[in-house]
Amino acid sequence: MDLDTIAARLGVPVEEVDRVHRLAGDGPSAPLPAKADAPALLDRLAVRPDDAAEIIAGWPDPDSPLWTPELRWLLDRSIALVRADLAGYDWLSPGPELPRERGPAWRHLYVYAYLALVDVVRGYHSDHGIPDAVTWVTVADLGRNLAIDRRMRGEGWPVMQSWLTLHSRGSVYELGRLQHQRGDGAIGLHVPDSGPLTTEAVEASLGEARAFFPRHFPDERYTAFSCASWLLDPQLREYLPENSNIVRFQRRFELEPYDESAGPDADIEVLRFGFRTLTTPLDELPRRTALQRAIIDHLRAGGHWHWRHGRFPI
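Residues numbered from 1 in each chain as written. Predicted model: local features only at pLDDT ≥ 70, side-chain atom pairs only at ≥ 80, totals over all residues. Heavy atoms only, no water.

Peer 1: Mind showing me how you'd approach the sheet that holds strand β4 (residues 224-229) here?
Peer 2: As summarised here, the arrangement of the six strands in space is β1-β2-β3-β4-β6-β5, forming an open sheet in which the pairing is mixed. The two strands at the open ends of the sheet, each matched to only one other strand, are β1 (172-175) and β5 (254-255). Where strand β2 (residues 178-181) and strand β3 (residues 186-190) come together, three bridges link them in antiparallel fashion. Its bridge partner lying in β3, Gln181 is registered against Gly188. (Pairing = 2+ DSSP bridges. Helix = DSSP H or I, 4+ residues; strand = E, 2+ residues; numbered from the N terminus.)

Peer 1: Sorry if this is basic, but what is going on with the packing of helix α1 (residues 3-10) against helix α2 (residues 14-24) here?
Peer 2: Across the interface, α1 lies against α2 with an axial gap of 8 Å and an inter-helix angle of 120°. It follows that α1 is oblique to α2 by the angle criterion. The handedness of the crossing between α1 and α2 is right-handed. The residues of α2 that touch α1, namely those facing Leu3, Asp4, Ile6, Ala7 and Leu10, are Val14, Val17, Asp18 and His21. Looking at side-chain class alone, the contact of α1 with α2 contains six nonpolar, one polar and two charged residues. (Axes fitted to C-alpha atoms, helices over the stretch in contact; angles between N-to-C directions. Parallel < 35°, antiparallel > 145°, perpendicular 65-115°, else oblique. Left-handed = near helix turned anticlockwise from the far one by under 90°. Contact = heavy atoms within 4.5 Å. Nonpolar A, V, L, I, M, F, W, Y, C, P; charged D, E, K, R; others polar.)

Peer 1: How should I be thinking about the environment of Ala113 in this particular structure?
Peer 2: Following the sequence through the fold, Ala113 ends up in helix α7 (residues 109-127). Residue Ala113 is classed as buried on the basis of its relative accessible area, which comes to 5%. With 61 residues separating them in the primary sequence, Ala113 and Glu174 have C-alpha atoms 21 Å apart. Each residue touching Ala113, except ones within four places of it in the same chain, is listed here: Leu75, Ser78 and Ile79. (Buried < 20%, exposed > 50% of the residue type's maximum accessible area, 1.4 Å probe, protein only.)

Peer 1: Explain empty space enclosed by the protein here, please?
Peer 2: Unoccupied space between atoms shows up once a probe the size of one water molecule is rolled over them. One pass over the full model with this rule turns up two cavities of 30 Å³ or more. In terms of lining, the largest cavity is formed by Val82, Pro94, Tyr110, Val111, Ala113, Tyr114, Leu117, Trp157, Gln161, Leu164, Thr165 and Ser168. Listing elements by their share of the lining of the largest cavity, those giving two or more residues are α7 and α10 (157-168). Taken together, the residues that form the lining of the largest cavity break down as nine nonpolar, three polar and no charged. Quantified by volume, the second largest cavity comes out at close to 40 Å³. If you go around the second largest cavity, the residues you meet are Leu98, Arg100, Trp106, Arg107, His108, Leu109, Tyr110, Trp157 and Gln161. Within the residue set of the lining of the second largest cavity, elements represented by two or more residues are α6 (104-107), α7 and α10. (1 Å grid on protein atoms, 1.4 Å probe; cavity = no way out; pocket = protein on both sides within 12 Å on 5 of 7 lines; lining within 4 Å. Points joined across faces, edges and corners; volume = space filled by probe spheres on them.)

Peer 1: Explanation requested: the layout of surface pockets in the structure shown.
Peer 2: Approximately 160 Å³ is the volume attributed to the second largest pocket. Tallied by class, the residues present in the lining of the second largest pocket amount to six nonpolar, three polar and four charged.

Peer 1: Please clarify how the pairing of β2 should be interpreted in this entry.
Peer 2: A regular strand places its side chains so that they alternate between the two faces of the sheet. Residues Leu178 and His180 of β2 are buried on one face, and the alternating residues Gln179 and Gln181, pointing to the opposite face, are buried as well. Note: β1 against β2, four bridges, orientation antiparallel. Residue pairing in the sheet places Leu175 in a bridge with Leu178 of β2. Here β1 folds back onto β2, and the loop between the two strands holds two residues, one of which, Gly176, carries a positive phi near 70°. Where β2 folds back onto β3 in an antiparallel hairpin, the turn is made up of four residues, including Gly185, whose phi is positive at roughly 80°.

Peer 1: Is there a simple way to explain the pairing of β3 in this structure?
Peer 2: β3 sits mainly inside the fold: four of its five residues count as buried. In terms of strand pairing, β3 meets β4 through three bridges, oriented parallel. By the bridge assignment for β4, Gly188 is matched with Ser226. Regarding topology, helix α11 (residues 199-216) serves as the crossover connection from β3 to the parallel β4, and that connection is right-handed. (Right-handed = clockwise from strand over helix to strand, strands pointing away.)

Peer 1: What is the right way to look at the nonpolar core in this model?
Peer 2: Of all hydrophobic cores here, the largest spans 53 residues; its most connected members are Leu10, Leu45, Ile55, Leu115 and Leu142. Here the element with the most residues in this core is α7; it accounts for 12 residues. Each residue touching Leu115, except ones within four places of it in the same chain, is listed here: Pro33, Leu41, Leu42, Leu45, Ile55, Trp59 and Leu142. Ile130, Ile187, Tyr222 and Phe249 belong to the second largest nonpolar core, which has 22 residues in total. (Core = buried A, V, L, I, M, F, W, Y, C linked by side-chain atoms within 4.5 Å.)

Peer 1: Honestly, the environment of Leu71 in this entry has me stumped. Any pointers?
Peer 2: Among the structural elements, Leu71 can be located in helix α5 (residues 69-84). Spatially, the C-alpha atom of Leu71 lies 7.5 Å from that of Leu10, the residues being 61 residues apart in sequence.

Peer 1: So what exactly am I meant to see when it comes to the side chain of Asp141 here?
Peer 2: Mapped onto the secondary structure, Asp141 falls in helix α9 (residues 141-151). At 2.5 Å, the side chain of Asp141 and the side chain of Arg144 are in polar contact. The residues touching Asp141, leaving out its near neighbours within four places in the chain, are Trp163, Leu164, His167 and Gln179. (Polar contact = N/O pair within 3.5 Å; in protein donor to acceptor, adjacent residues only side chain to side chain.)

Peer 1: Whenever I open this one, the packing of α7 against α10 confuses me. Can you help?
Peer 2: Angle between the axes and distance between the axes: these two values describe a pair of packed helices. Look at α7 against α10: their axes get within 10 Å of each other, and the N-to-C directions meet at 10°. Taken together, the axes of α7 and α10 lie roughly parallel to each other. Facing Tyr110, Val111, Tyr114, Leu117 and Val121 of α7, the residues of α10 in contact are Trp157, Gln161, Leu164, His167 and Ser168. Of the residues that constitute the contact of α7 with α10, the class distribution is seven nonpolar, three polar and no charged.

Here is the structure:
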């Protein structure tokens, strides 16, 4: 099949198929684990039973009628695309957003790509002396993101399919409460959905990172921690108490000047992370926490949230 035919059958712009073709080149893909080993692997990746059952039901068996030639091409080349950028730390889309309602092969194609890359990234971690415990807790972010996407009724995945390529390339490491991303001179901080953001937990995670990166990436020099998030929006201080975990987290950072064009739409991101929905009317959202009440009240008053960038010295 030529690229036009692949794009037409996938129902995506040909430019997106051409991008996959260019970035993957003729680079090697990676095999999926044996289907018999999938349940144990999915369990180790913290994938919930309902998600695991769906993934196994759609498994890309050679004789599966679910897997058309264009889907098999995209799976193979998306794996190659990500693998070609092993050790990279920039945001990377593995391929076009697919119409996921067409079935498990369409819905989970990039999950199968992630599973094929687990052994690739484990080898990369091993080459850098990274303990298995860190490897597995890091790559288990797959299960967390699938659970969030299910809660969001499929609204979360288009972002997550790109986010998870960072794990597959050895860029992100989960060290305690925070995830830490390799970068140009700064370690990027991410806040997973895994409990309270207490000062003690944050400090412990930062301490782990201060030892982790010089030990495992001695050729890379980091002088700062950085973060880009709506969590750093100073407007939150108008609603939250000074001793709140979020305000304490904010106060670590020196903010860069606000640039409306630098980053995603924060009004959407606060709904994604604060409520795990993008479509529920404001009047129907829960108001159980101070953060939820702050998000709702600010938006109902006609305000907008801001995506802010900040850093502080290591």
